[in-house]
Amino acid sequence: MTKFIHFQETVVTEYLNKKSMDDAVNGIREMKAPKHFLPEMLSKIIVCSLERSDEDKEQASALINTLRTEGLVSGENFMQVWRPYITCMRDGLDWSSNS
């Protein structure tokens, strides 16, 4: 698992530095990541771009979209990234006070 995480970090970092969509998609395809790792990989793409330029954030978004159109990830995988945060936010709010 550690090898997989290191490889995905390398692919994402190289993509954000070199902007080679083909290399990134092929690298991710070659990883043959188990389905249960896909949300983690998407999260890594997002997190790696957060402290970078707006252009890099757009490139990360483009990579995620390309991975989806190539069938390497699904919309459900993307939602799995956000579900814990949304649940945490929902559970932290007192919805009854908004009535």
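Quick note: structure is the one above.
What comes next concerns the included structure. (Residues numbered from 1 in each chain as written. Predicted model: local features only at pLDDT ≥ 70, side-chain atom pairs only at ≥ 80, totals over all residues. Heavy atoms only, no water.)

## Re unusual backbone geometry
For Lys 19, which is not a glycine, the phi torsion comes out positive at approximately 65°. Turning to its location among the elements, Lys 19 is positioned in the loop between helix H1 (2-18) and helix H2 (21-31). Taking relative accessible area as the criterion, Lys 19 reaches 31% and is therefore assigned partly exposed. Positive phi is not limited to glycine here, since Lys 32 has a value of about 50°. Along the chain, the position of Lys 32 falls in the loop between H2 and helix H3 (38-50). Exposure remark for Lys 32: the relative accessible area of 71% places this residue in the exposed category. (Helix = DSSP H or I, 4+ residues; strand = E, 2+ residues; numbered from the N terminus. Buried < 20%, exposed > 50% of the residue type's maximum accessible area, 1.4 Å probe, protein only.)

## Some thoughts on the environment of Met 31
Take Met 31: it is sitting in helix H2. Distance in space between the C-alpha atoms of Met 31 and Met 21 is 15 Å, their sequence separation being 10 residues. Once residues lying within four places of it in the same chain are set aside, the contact partners of Met 31 are Phe 4, Phe 7, Gln 8 and Met 41. (Contact = heavy atoms within 4.5 Å.)

## What to know about the pattern of salt bridges
Enumeration according to the criterion identifies six salt bridges in this entry. Taking the shortest distance from any N to any O, the salt bridge between Asp 54 and Lys 57 comes out at 3.9 Å. Here Asp 54 and its partner Lys 57 are both found in helix H4 (residues 54-69), three residues apart, which amounts to about one turn of the helix. What makes Lys 57 partly exposed here is its relative accessible area of 31%. Linking Glu 76 and Arg 83 is a salt bridge whose minimum nitrogen-to-oxygen distance equals 3.2 Å. Bridged by salt links that share partners, the residues Lys 19, Arg 52 and Asp 56 form one connected network. (Salt bridge = Lys/Arg side-chain N within 4 Å of Asp/Glu carboxyl O.)

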